[in-house]
Structures are given as C-alpha cells and as structure tokens.
Amino acid sequence: SVVAISLGHLGWRTDWALLRQAGDRLGDRLVLLLVGEAHPQESAGDEDLAWCLRHPGFVWLGRRTDAEAAALIRCADVGIVPFRVEPFNDAGLPYRILKYARLGRHTIAPDLAGARTWSRAVTTTQSAAEFADALLAHSGRSAAPDLELREWALAQTARSQNEPLWERLRVLGVPT
C-alpha cells in the first residue's frame, strides 16, 4: 500500500478523473490525504469528483496549519500534484513540490512543464496507469525519507532559483 498526500486548492484545477482512475487501479492499496480547502462547487456535476468524495481511501482533511501539514507530509510516502493537463496548469510552478521535498518526499505529477522545473524531485506521468504505478513505487518511503532530496530542496532559495537571471543581468551590465 501507499500513502500519498495532496496539498492545496481542491477544485477546478484538480484532475478528478486521474484520481478516480488511480483509486480504481490501486483499490484499498491507496490512502490519499487531501489537505486543503475543497471546492466541489467548482466541479459541480463531475462524476469523477463525486466518486472521489465517496471513496473510503480518500481522506478529506480540509485546511491545516503549516505545522499540521508538515506532520501529515511526514506520514506520507509521496506527494502528488493532481492537476489537469491544460495551459493554465502547465504554466504554473507548484511550490508544493518543494514543500514535499523539504521533508524528503518525492512528487508524482502529470506531465506539466512547471512540475518539470524541479525534475530532481518529480516523476511525471503520461497516464493514470503510470500515475498509479509511480505511487506504488514509493510505498513505504515515509519510513526512509530521501535525505539528499531534502538537502537539495532546502538549497532552493529565491536567490538560487533566480541566479541565471542575476547572471544574465550582470553580463548585460545591469548592477545587481
């Protein structure tokens, strides 16, 4: 079995079909902790969302404090970014990836450009079957966090992320 966690807004950006298919494929081998505000009205009438709301392995925890969210990440084997593949989501940079990585947890996500920004921490998938298989590959990782991933994530400061920009500005003669 595998315990996965999703942080953040649970609404129109979420790929409910992906989660339903992964849940169907893994059955009771998947426990999904859903941390964040649910916005079912944004997906009203969506049968996949309705299935996810009823699935006993999907635990809806609502909004949590940062400390509570960190404790829940430590309980999980892997983090997920369950976004639909579309231009808006493709352009986003999901910072939850760093939140998971700073606690030694890898991320599973659909193939989104923003998620690939931190490819060291992310496994991208092309289908719900790949997504489910990638989840299972992380089974038991909560007992053995990836400490190298954690160190890498802690080094991802605003300055280090923007260093290519700063370097280019220096080359152009702009005082930094």
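Above this note sits the structure.
Residues numbered from 1 in each chain as written. Predicted model: local features only at pLDDT ≥ 70, side-chain atom pairs only at ≥ 80, totals over all residues. Heavy atoms only, no water.

## Considerations on the packing of helix H1 (residues 16-26) against helix H2 (residues 47-54)
Phase 1 of the analysis: The interhelical angle for the contact between H1 and H2, taken along N-to-C directions, is 50 degrees, at an axis separation of 8 Å. The orientation of H1 with respect to H2, classified from their angle, is oblique. Crossing of H1 over H2 shows left-handed handedness. Contact residues: H1 offers Trp16, Ala17, Leu19, Arg20, Gly23 and Asp24, while H2 offers Glu47, Asp48, Leu49, Trp51 and Cys52.
Phase 2 of the analysis: Grouping the amino acids of the contact of H1 with H2 by side-chain chemistry returns 6 nonpolar, 1 polar and 4 charged. (Axes fitted to C-alpha atoms, helices over the stretch in contact; angles between N-to-C directions. Helix = DSSP H or I, 4+ residues; strand = E, 2+ residues; numbered from the N terminus. Parallel < 35°, antiparallel > 145°, perpendicular 65-115°, else oblique. Left-handed = near helix turned anticlockwise from the far one by under 90°. Contact = heavy atoms within 4.5 Å. Nonpolar A, V, L, I, M, F, W, Y, C, P; charged D, E, K, R; others polar.)

## Some words on the packing of aromatic side chains
Phase 1 of the analysis: The tally for this structure, following the rule as stated, stands at 4 aromatic pairs.
Phase 2 of the analysis: Considering the side-chain rings of Tyr95 and Trp118, the 5.3 Å spacing of their centres and the 65 degrees angle between planes classify their relative orientation as edge-to-face. A residue pair is termed long-range when its members are at least 10 positions apart, and Tyr95 in the loop between helix H4 (87-91) and helix H5 (96-101) and Trp118 in the loop between helix H6 (113-116) and strand S6 (122-125) qualify at 23 residues. (Phe/Tyr/Trp six-rings, centres within 6.5 Å; stacked < 30°, edge-to-face > 60°.)

## With respect to the sheet that holds strand S2 (residues 30-35)
Phase 1 of the analysis: An order of S3-S2-S1-S4-S5-S6 is seen for the 6 strands of this open sheet, with the pairing classed as parallel. The outermost strands of the open sheet, each flanked by one partner alone, are strand S3 (58-62) and S6. Taking each pair of neighbouring strands and ignoring which way they run, the sheet shows an average axis angle of 25 degrees.
Phase 2 of the analysis: As defined by bridge partners, S2 adjoins S3 across 4 bridges and the pair is classed as parallel. The partner of Val35 across the bridge, within S3, is Gly62.
Phase 3 of the analysis: Strands strand S1 (2-7), S2 and S3 of the sheet are contacted by helix H3 (residues 66-75), whose axis makes an angle of about 150 degrees with S1. (Pairing = 2+ DSSP bridges.)

## Some remarks on the nonpolar core
Phase 1 of the analysis: Counting residues in hydrophobic clusters, the biggest one holds 23 residues, and the most contacted among them are Leu19, Phe58, Ile80, Phe131 and Leu135.
Phase 2 of the analysis: Those elements that place two or more of their residues in this core are S1, H1, S2, H2, strand S4 (78-80) and helix H7 (128-137).
Phase 3 of the analysis: Not counting the four nearest positions on each side in its chain, Leu19 is found in contact with Thr14, Leu32, Trp51, Cys52, Phe58, Ile80, Pro82 and Phe131.
Phase 4 of the analysis: Phe83, Ala101, Trp118 and Ala153 belong to the second-largest nonpolar core, a separate cluster that totals 13 residues. (Core = buried A, V, L, I, M, F, W, Y, C linked by side-chain atoms within 4.5 Å. Buried < 20%, exposed > 50% of the residue type's maximum accessible area, 1.4 Å probe, protein only.)

No statement about biological role is implied by the geometric values presented.
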